[in-house]
Amino acid sequence: MTGQATSDRVRQSVTVPLKPERAFELFVDEFGAWWPKQSHHVGERAAQTAIIEPREGGRWYERDDGGTECEWGKVLAVDRPARILLAWHLSPGFAFDPDPARATEVEVTFVAQGPDSTVVTLEHRGFEVHGDEAASMRDSVASEGGWADLLRLYAESAGS
């Protein structure tokens with residue numbers, strides 16, 4: 001796994017033993033199967049599932065066992081199986097903020113590396129929309145429990 005955090009972006013990559021089509025499917029269509037719902041949720045209760053609706057305008061959200069849904073963001077673009085671009089509507093305090101002017105972007109790309117493996121790269125960018133809190137948000141998603149650890153969980157579910 002490789003990673004980088006700069007002043008305006010966090011970038012992490014992992015190689016999984018899957019073709020791009022399957023790597024995309026696992027990341028997006030089966031998002032709730034590998035996402036750590038007990039620890040990484042924004043609702044009052046742990047999430048039962050986490051969902052990305054893989055279409056432009058689709059929702060990115062969690063649902064708890066009582067059926068309560070908490071939004072995380074929206075799907076901005078899908079180019080299956082090469083890329084998905086998400087709007088992250090969570091504030092630096094990890095609360096939903098519906099204002100698109102304060103959303104950051106999470107782009108995930110899937111590039112074949114040989115016949116049966118894929119490099120999955122996640123880039124979270126646009127933190128400057130949070131002004132004085134931009135650095136703390138960037139540091140949070142780049143630290144322990146952030147994108148590197150989440151991609152590690154994804155890779156483990158892919159058999160890496």
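Rules used throughout
- Residues numbered from 1 in each chain as written.
- Predicted model: local features only at pLDDT ≥ 70, side-chain atom pairs only at ≥ 80, totals over all residues.
- Heavy atoms only, no water.
- Pairing = 2+ DSSP bridges.
- Helix = DSSP H or I, 4+ residues; strand = E, 2+ residues; numbered from the N terminus.
- Buried < 20%, exposed > 50% of the residue type's maximum accessible area, 1.4 Å probe, protein only.
- Contact = heavy atoms within 4.5 Å.
- Axes fitted to C-alpha atoms, helices over the stretch in contact; angles between N-to-C directions.
- Parallel < 35°, antiparallel > 145°, perpendicular 65-115°, else oblique.
- Left-handed = near helix turned anticlockwise from the far one by under 90°.
- Nonpolar A, V, L, I, M, F, W, Y, C, P; charged D, E, K, R; others polar.

## Some points on the pairing of strand β3 (residues 47-52)
Move 1: Bridge analysis of β3 against strand β4 (residues 59-64) gives five bridges, and the strand direction is antiparallel. Looking at the pairing, Ile52 lines up with Trp60 of β4.

## Digging into the side chain of Ser91
Move 1: In this structure, Ser91 sits in the loop between β6 (83-88) and β7 (104-112).
Move 2: What makes Ser91 buried here is its relative accessible area of 17%.
Move 3: Those residues within four positions of Ser91 in sequence are excluded, and the remaining contacts are His130 and Met137.

## Regarding the packing of helix α1 (residues 20-29) against helix α4 (residues 147-157)
In a packed pair of helices, the relevant descriptors are the angle between the two axes and the axis-to-axis distance.
Move 1: The interhelical angle for the contact between α1 and α4, taken along N-to-C directions, is 125°, at an axis separation of 11 Å. If you check the angle between α1 and α4, you find them oblique. In this structure, the crossing between α1 and α4 has a hand that is right-handed. Together, Ala23, Leu26 and Phe27 of α1 and Leu151, Tyr154 and Ser157 of α4 make up the contact between the two elements.
Move 2: Taken together, the residues that form the contact of α1 with α4 break down as five nonpolar, one polar and no charged.

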